[in-house]
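Survey of secondary and tertiary structure
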Amino acid sequence: VHDCANQIDENGYTVTTTGTDPSPCSTGNRFWVGLVDSDYENSGNWSTSSGGSGGASVPVGSNNVVFDSSSSVNCTMSASRSMESLMLTNYTGTFSAGSHSVRVTNDVNASGSPILDLGSSNWTVGGTWNLRFISGSSTEGTSTVRLTSQTGSARWLWKPSGGNFSNVIVAQNAIIDQGRRLDVQGSFTLESGATWEVGTSELNIFSDASFTLGDSSSITTSTGTVELSADGTGVRTGNATASIGNFKTANYNTGSLTTIPVATYTGTFRFGQNAGSYNGTWRFEGNTVIEGNVSIGMGKTTNETIDLATNNVSLTLKGDVDITPSRGTITWSAGDGTIIFDNSGSQSVNFNG
């Protein structure tokens, strides 16, 4: 039994190993060879070289974990673990994380045709999450990935088939570049000071997903957009110090209420509706600032309401405003709040004619 106590992190991830390796706590690579069974915790399945003999220690926090073409044996985690990095290159087996916690100090990368079954696992990743070029049969399950990098160079890249993911957390003060489209079906959370850079991509918060904005958090866009679906079972919680770039709502037969979280909307703002079976409501959660131009898009002939009355919201508008529908009708429910036009130049304002 080797004492690897110096490898235990603050969350208590298992690092103590059993085996004959005289220095199981040393840094270096651990290659999955799967010579005994599919158990991640079996030292007989690990080697210090690609395709080498088994018997190396089970990877600890200082090891780079590598799955490559030397083995096609499936791997199933049976305990929570830490590692320096995780790479799956031309591995053709299935990596199953189950319900365990995985802490990766740096990057998670995969290419080729491995299958990832993330189950209900919880990941903390200090670098890039790059699983774009993997098998379309990989599943995100109800897993959660918490991204912690504060370098501004870490990226989010999920699988190419659909782009759906369950739960994403951007940690306090983290800066993450969204490398491609992301559809969130569980929850999307920005902790305080976190920055999510959409860039030219799309961030879509589905109807049953929760959306939480922390203190001084921000979602930036260039030509990309943040799209919020009608509420469904999701909870939307804003923050007065948060900011969101180009924004639009979307109602695709998912419900009649869309809650718009409190934030400063720094880019364009579009009320969108494309569900013929609903006469919907866009409800502002609290006092809101919109710096970009405001427009409306009606895909179906319905009767929609912009609701400031329920929460007596004050709305500050700094760009041009045109809420004239191409079809259907719009009702503006004002309440006791104040509408403030605040631009040092001219503003074009059209409240439905």
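Residues numbered from 1 in each chain as written. Predicted model: local features only at pLDDT ≥ 70, side-chain atom pairs only at ≥ 80, totals over all residues. Heavy atoms only, no water.

1. Observations regarding the environment of Arg 270
For Arg 270, the location among the structural elements is in strand S28 (residues 269–273). The spacing of Arg 270 and Ile 134 is 136 residues in sequence and 34 Å in space, taken between C-alpha atoms. Setting aside residues no more than four positions away along its own chain, Arg 270 makes contact with Phe 247, Lys 248, Thr 249, Ser 295, Ile 296 and Gly 297. (Helix = DSSP H or I, 4+ residues; strand = E, 2+ residues; numbered from the N terminus. Contact = heavy atoms within 4.5 Å.)

2. Side note on the pairing of strand S18 (residues 195–199)
Bridge count for strand S16 (residues 175–178) against S18 is three bridges, and the pairing is parallel. What sits directly across from Ile 176, in S18, is Trp 196. (Pairing = 2+ DSSP bridges.)

3. Side note on the pattern of salt bridges
Per the stated rule, a full pass over the model turns up 10 salt bridges. Of the charged contacts, one joins Arg 181 and Asp 183 as a salt bridge, the two residues approaching to 3.1 Å between their closest N and O atoms. On the basis of relative accessibility, which here comes to 40%, the residue Arg 181 falls in the partly exposed class. Because the salt bridges share partners, they merge into one network encompassing Arg 181, Asp 183 and Glu 202. (Salt bridge = Lys/Arg side-chain N within 4 Å of Asp/Glu carboxyl O. Buried < 20%, exposed > 50% of the residue type's maximum accessible area, 1.4 Å probe, protein only.)

4. Details of the nonpolar core
General note: in soluble globular proteins, nonpolar side chains tend to be found buried as a group. If you look at the biggest cluster of nonpolar residues, it comprises 74 residues, and the most contacted ones within it are Trp 123, Trp 129, Trp 156, Phe 188, Trp 196 and Ile 219. If you tally residues by element for this core, the top one is strand S17 (residues 182–190), at four residues. Setting aside residues up to four positions removed in sequence, Trp 156 forms contacts with Trp 129, Val 145, Leu 147, Phe 165, Val 168, Ile 176, Asp 177, Gln 178, Gly 179, Arg 180, Leu 182 and Trp 196. (Core = buried A, V, L, I, M, F, W, Y, C linked by side-chain atoms within 4.5 Å.)

5. Details of a nonpolar patch on the surface
A grouping of Ile 339, Phe 341 and Val 349 is seen on the molecular surface, where their side chains present a nonpolar patch of about 230 Å² in accessible area. Looking at the secondary structure, you find Ile 339 in strand S36 (residues 339–341). Residue Ile 339 is classed as partly exposed on the basis of its relative accessible area of 34%. (Patch = residues over 30% accessible without salt bridge, like charges linked within 9 Å, V, L, I, M, F, W, Y side chains within 5 Å. Areas by Shrake-Rupley, 256 points an atom, 1.4 Å probe, with all protein chains shown as cover.)

6. Observations concerning unusual backbone geometry
Note: most residues except glycine have negative phi, and most peptide bonds are trans. Unusually for a residue other than glycine, Asn 90 sits at a positive phi of about 60°. With respect to the helices and strands, the residue Asn 90 is situated in the loop between strand S6 (85–89) and strand S7 (94–96). A positive phi angle, close to 65°, is found at Asn 173, a residue other than glycine. Residue position: Asn 173 is located in the loop between strand S15 (164–170) and S16. Residue class for Asn 173 comes out partly exposed when judged on its relative accessible area of 37%.

7. Here's the deal with the confidence of the model for the protein chain
Taken residue by residue, the protein chain gives an average pLDDT of 90. The fraction at 70 or more is 92%. In this model, residues 1–26 is a region of pLDDT below 50 whose contacts with residues beyond four sequence positions or in other chains number 57 contacts. (pLDDT = per-residue confidence, 0-100.)

8. Considerations on the sheet that holds strand S4 (residues 75–76)
If you trace the three strands from one edge of the open sheet to the other, you get S4-S7-S10, paired in parallel fashion. Of all the strands in the sheet, just S4 and strand S10 (115–117) have a single pairing partner and so form its edges. Sheet topology note: the S7/S10 ladder contains three bridges and is parallel. What sits directly across from Ser 96, in S10, is Asp 117.

9. Observations concerning the pairing of strand S9 (residues 108–111)
Both faces of the sheet carry side chains from a regular strand, because those side chains alternate between them. Where burial is concerned, the two faces of S9 differ: the one with Val 108 and Ala 110 is buried and the one with Asn 109 and Ser 111 is not. Pairing analysis gives four bridges linking S6 to S9, with the strands arranged parallel. Within S9, the position partnered with Thr 89 by the bridge is Ser 111. Inspection of the sheet shows S9 paired to strand S12 (residues 129–133) by three bridges, in the parallel sense. For Ser 111, the partnering residue across the bridge sits in S12 and is Phe 133.

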